[in-house]
Amino acid sequence: THVDKYPNAMALSTVDSDNKPSSRMVLLKEWDEEGFVFYTHETSRKGTDMNANPHVALNFYWSELDRQIRIEGRVHNIDNTHADMYFASRPRGSQLGAWASKQSTEMTSKQEFEDAYKALEKQYAGKEIPRPPHWVGYCVVPTYFEFWQEGESRLHDRLVYIYDEKAASWVKKRLYP
């Protein structure tokens, strides 16, 4: 039996300022009553998309469980203190990579990235690595959940919860597959 290597992997879909959609996989790192938190470079394509349009969609799919969860909502930056604490908990190599990467921009060669990484290893040898100012946390505050479970003969089960702002409560609906 295969077990998903990253059960916290989720597709993040954004829309840029020209209304062009884009999706990529990111890792959910935290969740609480407010929403779902992940971290990335705010200068990356997803970061610039979210700064232009805070409406995003998340999709978790677990093939082994025949289940999927779709989430839609608005994203906002988390506070710097919280981002600093999470960054400090990351493996040292990941911290260096966050500094070395100019995420989503073109590089002339992989060697350029590896050289930058090695230079940072020397610069921070024996020192604590601070969080780069461009490396931030985002929280998706949900307004829509869809829970999907595969059923035999396409008799899938789909439950939707939509947040009604006026009533300040969640409305439950069942959808045809």
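Thresholds applied
- For every chain, the first residue of the written sequence is number 1, and numbering continues from 1 onward in sequence order.
- A pLDDT threshold of at least 70 governs which residues receive local features in this predicted model, and a stricter bar of 80 or more applies before side-chain atom pairs are shown or counted, although totals over entire chains, interfaces and linings include all residues.
- In computing side-chain values, all of the structure's heavy atoms are included and hydrogens and water are not.
- Salt bridges are counted wherever a side-chain nitrogen of Lys or Arg sits within 4 Å of a carboxyl oxygen of Asp or Glu.
- Helix and strand assignments come from DSSP, with helices taken as H or I runs of at least 4 residues and strands as E runs of at least 2, each series counted from the N terminus.
- Partly exposed describes any residue whose relative accessible area lies between the buried limit of under 20% and the exposed limit of over 50%, with all areas from a 1.4 Å probe on protein chains only and scaled to the type maximum.
- Nonpolar core, defined: a set of buried Ala, Val, Leu, Ile, Met, Phe, Trp, Tyr and Cys residues in which side-chain atoms within 4.5 Å join the residues together.
- Whether two residues touch is decided by their heavy atoms; if any such pair falls within 4.5 Å, the residues are in contact.
- Pairing between strands requires that DSSP locate at least two bridges from one strand to the other.
- Ring pairs shown here join Phe, Tyr and Trp side chains whose ring centres sit within 6.5 Å, with only the six-membered ring taken for Trp; geometry is labelled stacked below 30 degrees between planes, edge-to-face above 60, and tilted in between.
- Throughout, the protein atoms alone are placed on a 1 Å grid, and a set of points is a cavity if a 1.4 Å probe fits but cannot get out or a pocket if it is open with protein on both sides within 12 Å along at least five of seven lines; lining residues have an atom within 4 Å of a point.
- Grid points are joined across faces, edges and corners, and a volume is the space filled by probe spheres set on the points.
- Basically, the charged four are Asp, Glu, Lys and Arg, the nonpolar ten are Ala, Val, Leu, Ile, Met, Phe, Trp, Tyr, Cys and Pro, and anything else, Gly included, counts as polar.

Q: I would appreciate a short explanation of the pattern of salt bridges in the present structure.
A: Close approach of charged atoms allows side chains of opposite charge to pair. Per the stated rule, a full pass over the model turns up six salt bridges. Between Arg-24 and Asp-49 there is a salt bridge, with its nearest N and O atoms 3.9 Å apart. Of this pair, Arg-24 sits in strand β2 (residues 21-27) while Asp-49 sits in helix α1 (residues 45-52), and the two are 25 residues apart along the sequence. Owing to a relative accessible area of 17%, Arg-24 belongs among the buried residues under this scheme. Put simply, Arg-70 and Glu-72 hold a salt bridge, and the shortest N to O gap is 2.9 Å. Each member of the salt-bridge network shares a partner with another, and the members are Arg-70, Glu-72, Glu-146 and Arg-158.

Q: Looking at this model, I keep getting lost on the nonpolar core. Mind explaining?
A: Looking at soluble globular proteins, one finds that nonpolar side chains tend to be buried together. Met-10, Leu-12, Phe-38, Met-50, Leu-58, Phe-60 and Ile-71 are the most contacted members of the largest nonpolar core, which has 18 residues in total. The residues touching Phe-38, leaving out its near neighbours within four places in the chain, are Met-10, Leu-12, Val-26, Leu-27, Met-50, Val-136, Gly-137, Tyr-138 and Val-140. Ala-83, Tyr-86, Phe-87 and Leu-96 belong to the second largest nonpolar core, which has 14 residues in total.

Q: Just to check I follow, could you spell out the pairing of strand β6 (residues 67-77) for this structure?
A: As paired strands, strand β5 (residues 55-62) and β6 are joined by eight bridges and run antiparallel to one another. Each residue of the ladder has a partner; that of Trp-62, found in β6, is Arg-67. Between β5 and β6, which follow one another and run antiparallel, lie four residues, and Asp-66 among them has a positive phi close to 55°. Where β6 lies against strand β7 (residues 135-149), eleven bridges are found, and the strand directions are antiparallel. Paired with Gly-73 across the two strands is Pro-142, which belongs to β7.

Q: Where do I start with the packing of aromatic side chains in this structure?
A: To describe a pair of aromatic rings, one takes the distance between the centres and the angle between the planes. Throughout the structure, instances matching the rule amount to twelve aromatic pairs. Relative to Trp-135, the ring of Tyr-86 lies with its centre 6.1 Å away and its plane at 5°, an arrangement referred to as stacked. Here Tyr-86, found in helix α2 (residues 80-89), pairs with Trp-135, found in strand β7; they are 49 residues apart in sequence, far enough to count as distant. Here the aromatic rings of Phe-87 and Trp-135 are separated by 5.0 Å at their centres, their planes lie at 65°, and the arrangement is edge-to-face. Here Phe-87 is found in helix α2, whereas its partner Trp-135 is found in strand β7, with 48 residues between them in sequence. The class of Phe-87 is buried, set by a relative accessible area of 1%. Among the residues examined, Trp-135 registers a relative accessible area of 4% and is labelled buried. An aromatic cluster is built from Phe-36, Phe-145, Phe-147, Tyr-161, Tyr-163 and Trp-170, whose rings are joined through pairwise contacts.

Q: Which parts of the structure should I look at to understand the layout of surface pockets?
A: Here the idea is plain: a probe the size of a water molecule rolls over the atoms and shows the empty space left. Taken as a whole, the largest pocket spans an internal volume of roughly 370 Å³. Lining the largest pocket are 17 residues, and of these Tyr-39, Thr-40, Arg-90, Gln-103 and Trp-135 sit closest to its centre. For the lining of the largest pocket, the secondary-structure elements that each account for two or more residues are β2, β4 (36-41) and α3 (92-100). Ranked by residue count, the leading element in the lining of the largest pocket is β4, at four residues. Taken together, the residues of the lining of the largest pocket sort by class into nine nonpolar, five polar and three charged. Considering the residues around the second largest pocket, the lining is formed by Ala-100, Ser-101, Lys-102, Gln-103, Ser-104, Thr-105, Glu-106, Met-107, Glu-112, Phe-113 and Ala-116. The element best represented in the lining of the second largest pocket is helix α4 (residues 110-123), accounting for three residues. Partitioning the lining of the second largest pocket into residue classes produces four nonpolar, four polar and three charged.

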